[in-house]
Amino acid sequence: MSRDARPNRVLVSLMSLGLLTWLGLDALSVAPNRLVQGTPLSPVEALGWMVTLLGAMFMACVVWLAWRPSSARLWTALGLVTGLLVAMPLWLSGAVVAVLDPDMPQARVGIGPGLWVLLFLWLLVLVELRIRLRLRRVWVWSLLLFVIAIWGMALSQWLTPLALVQEYQARSEQFLEAVLYHLALVGAAVGASLLIGLGMALAMRRFDGLRRLGFGVLNSLQTIPSLALFGLLLAPLAWLGNQVQWLGALGVSGIGWAPAWLALVAYSLLPMVRNTYVALEGVDPGVIESARGMGMSPVQVFFQVRLPLALPVMLEGIRITTVQAIGLTAVAALIGAGGLGTFIFQGLGQAAMDLVLLGALPIIAMALVADALLGALAERMRRREAA
Amino acid sequence: MIELFDVTRRFGDETAVDRISLRVERGEFCVLVGTSGCGKSTTLRMINRLIEHSEGEIHLDGQPIRDFQEDQLRRRIGYAIQSTGLFPHWTVGRNIGLVPRLLQWSGSRIQERVEALMDLLGLPPEFAHKYPHQLSGGQAQRVGVARALAADPEILLMDEPFGALDPITRQTLQGELRDLQARLGKTIVFVTHDMDEALTLADRLVVMHEGRIVQQGRPTELLRAPANDFVASLLGGDDRGLKEAALIRVEERMLPVAPEAEGMPMVRRHATVNQALSLMLWHHTRHLLVVDEDDSPVGQLSLDVLMHKARHE
Ligand SMILES: Nc1ncnc2c1ncn2[C@@H]1O[C@H](COP(=O)(O)OP(=O)(O)O)[C@@H](O)[C@H]1O
Ligand SMILES: [Mg+2]
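Thresholds applied
Residues numbered from 1 in each chain as written. Chains lettered and ligands numbered in written order. Predicted model: local features only at pLDDT ≥ 70, side-chain atom pairs only at ≥ 80, totals over all residues. Heavy atoms only, no water. UniProt positions renumbered as here; feature names shortened; annotations may be inferred. Helix = DSSP H or I, 4+ residues; strand = E, 2+ residues; numbered from the N terminus. Pairing = 2+ DSSP bridges. Contact = heavy atoms within 4.5 Å. Axes fitted to C-alpha atoms, helices over the stretch in contact; angles between N-to-C directions. Near = heavy atom within 4 Å. Polar contact = N/O pair within 3.5 Å; in protein donor to acceptor, adjacent residues only side chain to side chain. Areas by Shrake-Rupley, 256 points an atom, 1.4 Å probe, with all protein chains shown as cover. Nonpolar A, V, L, I, M, F, W, Y, C, P; charged D, E, K, R; others polar. Salt bridge = Lys/Arg side-chain N within 4 Å of Asp/Glu carboxyl O. Buried < 20%, exposed > 50% of the residue type's maximum accessible area, 1.4 Å probe, protein only. Core = buried A, V, L, I, M, F, W, Y, C linked by side-chain atoms within 4.5 Å. pLDDT = per-residue confidence, 0-100.

Under the annotation held in an unreviewed UniProt entry, chain B carries the name ABC transporter and is attributed to Ectothiorhodospira haloalkaliphila. Under the Sequence similarities (unreviewed entry) heading, UniProt states for chain B: "Belongs to the ABC transporter superfamily."

Going by an unreviewed UniProt entry, chain A carries the name ABC transporter permease and comes from Ectothiorhodospira haloalkaliphila. According to its UniProt record, chain A has this under Sequence similarities (unreviewed entry): "Belongs to the binding-protein-dependent transport system permease family." Within the UniProt record for chain A, the comment given under Subcellular location (unreviewed entry) is "Cell membrane".

See the structure below:
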């Protein structure tokens, strides 16, 4: 491991690609106002040759280190990549000052394709290094938090002319509200489908006929396209909201949170029920038999043995469902459900890509964080009882 | 005391256990043996009501088991199975303390009991904090037995507990279980399909076939007088002579040391007669010197005496 003579192909290709991106793709675009298409700028055009070469040297250095990857060299590479991730917002801050004309307060700077690709490639490099160096997850997360903190500082202090930041500042309260609303809708949908899913899985375990019927229905639900499902829910919910006073008062109608929540629950049920069912069935029958044989009551067997042993697999279902719901909730904005999807569709309507990003980036971040957190939790539980 | 009167169990059309009657005395080691699928496990599980019997009656100390509340009944009966059934998410200590906890013993009393049992089963105290997957097969099975004994039940039901272990570990655990039973005086019903295991452990051997009991009695009785060809072949056919010899200790057949015994091949007093016969064949001799653990002579064994004894038994 420590003296692996062969080049690490993943790192070498990722970083070579990064080098090409840096030297070949546009890093920024500058527009005089919000609606005009910006002029693309390369790194050289933005901050000059010296700085561009410095960045290129860092990346070339990582390629060189990965060519003969000993453990010490990979640690150095980790340091360099972290440095690059921290340097990018600082470079950006410098570039913004350099390219903006102080006489044009309306002008805004967009992040070009080059920087997005670089960010993506460097994160992949980080993942590869984590695997090679067998770093604990916590470690990598603290590293990322540090990088994110630097980005946050740069964004709030020096990067105000960035279009993304301006879109944010124009609606910062709306943004916070949208994030919370998005999370609340996802939480309510996942929570409800967890409860219903657990109930259904339990019923299916008891009655064989119900199992086939249940999975049949859930499978077909899953195949309905999301917009069509929203459409299908429109009429009955509008009717319900009109007929039943207190439901109407709660905001139940053909559009808004009610159909969105129902559709989210419908989509969440299949993965939830399937995983819960498989998890509960998968518990070693010998363990259950001995639990009963020792004199545990059915309730004790379920809560002290079957459920805790099924939990890691159930968590897998919760993870899939949560990530899926975070994405679907964006679509639900189309029927007036609110959430971060609102920005995406507004941005699409106004051809303002940075507004689309303002909605899309937090959704991606939420999905990644939910995925990582729930995955780590499941792994932790599984490791403790690994056979 | 466990009594079964004409007990039957059906699964749909299939009769898994067919009108069996059996009486296991207090302190008796009863072994159910038979080919796979003959209804041994079903019989065992009917005793602690993991499976309800379809017909007949099962009594515990004269009282029908249906008079007891299921969970209460099971807490009074130890149960150990081949896969151990240890809870993988609980430590060894917690696993062993399961039944006492169900019986709501105080924490300190449970703690003491767990320590005592681990000592009894030869488990080092630091194992209390390990998880089952950190144990070897033999250690896990010891924990399984400790858990079954935790609330000091009078009765122990064991379903092929040593079936998954290697031969050496299995023999060690068989020996320990025998000693344990002699010391604690438990009533044990033990299921196995391994005839050698059955013969070494059993006070009462019960041979089952297709849901019925075909013969029961002391191992030597069955070896000497099998009820039919099935029992005879199950007990080892022509090997029965050696199997019987395996049940007799050398010290039971030895004579006082004679002066000419000096220099004869040696055999330990606790060895079995079939091991002694093997030594005689190996050394081409009719006489062995019997020694104790320190290799000091305590008697001698001769083939003629063995033959003579066997003929007159
Ligand atoms: N829960 C059950 N449902 C249906 N059939 C069963 C069940 N348990 C056991 N049987 C059947 O009863 C017969 C006896 O099984 P078992 O007592 O487990 O045999 P053994 O332990 O002697 O191998 C087998 O034919 C088995 O298929
Ligand atoms: Mg069996």
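Turning to the UniProt feature "domain: ABC transmembrane type-1" (unreviewed entry) in chain A, a few remarks are in order. Residues given the UniProt feature "domain: ABC transmembrane type-1" (unreviewed entry) here are residues 179–374 of chain A. Along residues 179–374 of chain A, the helical share is 86% and the strand share 0%, with 20 Å between the first and last C-alpha atoms.

All right, on to the sheet that holds strand β4 (residues 55–60) of chain B then. Residues and elements named next belong to chain B. With antiparallel pairing, the four strands of this open sheet are ordered in space as β2-β1-β4-β5. Where the open sheet ends on each side, the last strands, each with one partner, are β2 (14–24) and β5 (63–64). Across two bridges, the pairing between β4 and β5 is antiparallel. Counted as the bridge partner of L60 is Q63 from β5. Here helix α1 (residues 40–47) sits on the sheet in contact with β1 (2–11), β2 and β4, set at roughly 120° to β1.

For the rest of this paragraph, the subject is the site of ligand 1. Residues and elements named next belong to chain B. Taken together, F11, E14, A16, S36, G37, C38, G39, K40, S41 and T42 make up the full set of residues adjacent to ligand 1. The side chain of S41 places a nitrogen or oxygen atom 2.6 Å from an oxygen atom of ligand 1. A total of 560 Å² of accessible area belongs to ligand 1 in isolation, and the protein chains cover 62% of it. Elements that contribute at least two residues to the shell around ligand 1 include exactly β2 and α1. The class makeup of the residues in the shell around ligand 1 is three nonpolar, five polar and two charged.

All names here are of chain B. One pass over the structure, following the stated rule, counts 30 salt bridges over all chains. The salt bridge partner of R10 is E55, with a shortest N-O separation of 2.9 Å. Of this pair, R10 sits in strand β1 while E55 is found in strand β4, placing the two residues 45 residues apart along the sequence. The exposure class assigned to E55 is partly exposed, which follows from its relative accessible area of 38%.

Among soluble globular proteins, nonpolar side chains are generally buried collectively. Counting residues in hydrophobic clusters, the biggest one holds 147 residues, and the most contacted among them are A:M296, B:F190 and B:L205. Counting 54 residues, the second largest nonpolar core, distinct from the first, contains A:V30, A:M88, A:L121 and A:L159.

Once that is clear, we can look at the confidence of the model for chain B. The pLDDT averaged across chain B works out to 93; a share of 98% of its residues lies at or above 70. Confidence metrics for the complex model read pTM 0.80 and ipTM 0.88.

What follows deals with the sheet that holds strand β10 (residues 212–217) of chain B. All names here are of chain B. Strand order in the open sheet made by the six strands is β6-β7-β8-β3-β9-β10, with mixed pairing throughout. One side of each edge strand has no neighbouring strand; the edge strands of this open sheet are β6 (77–81) and β10. Neighbour-to-neighbour, the strand axes of the sheet open up by a mean angle of 15°, direction not taken into account. Two strands pair when backbone bridges link them, and β6 and strand β7 (residues 155–159) are joined in this way by five bridges, in the parallel orientation. Bridged to I77 within β7 is I155. Along the sheet, α1 makes contact with β3 (29–33), β6, β7, β8 (187–192) and β9 (204–209), crossing β7 at roughly 150°.

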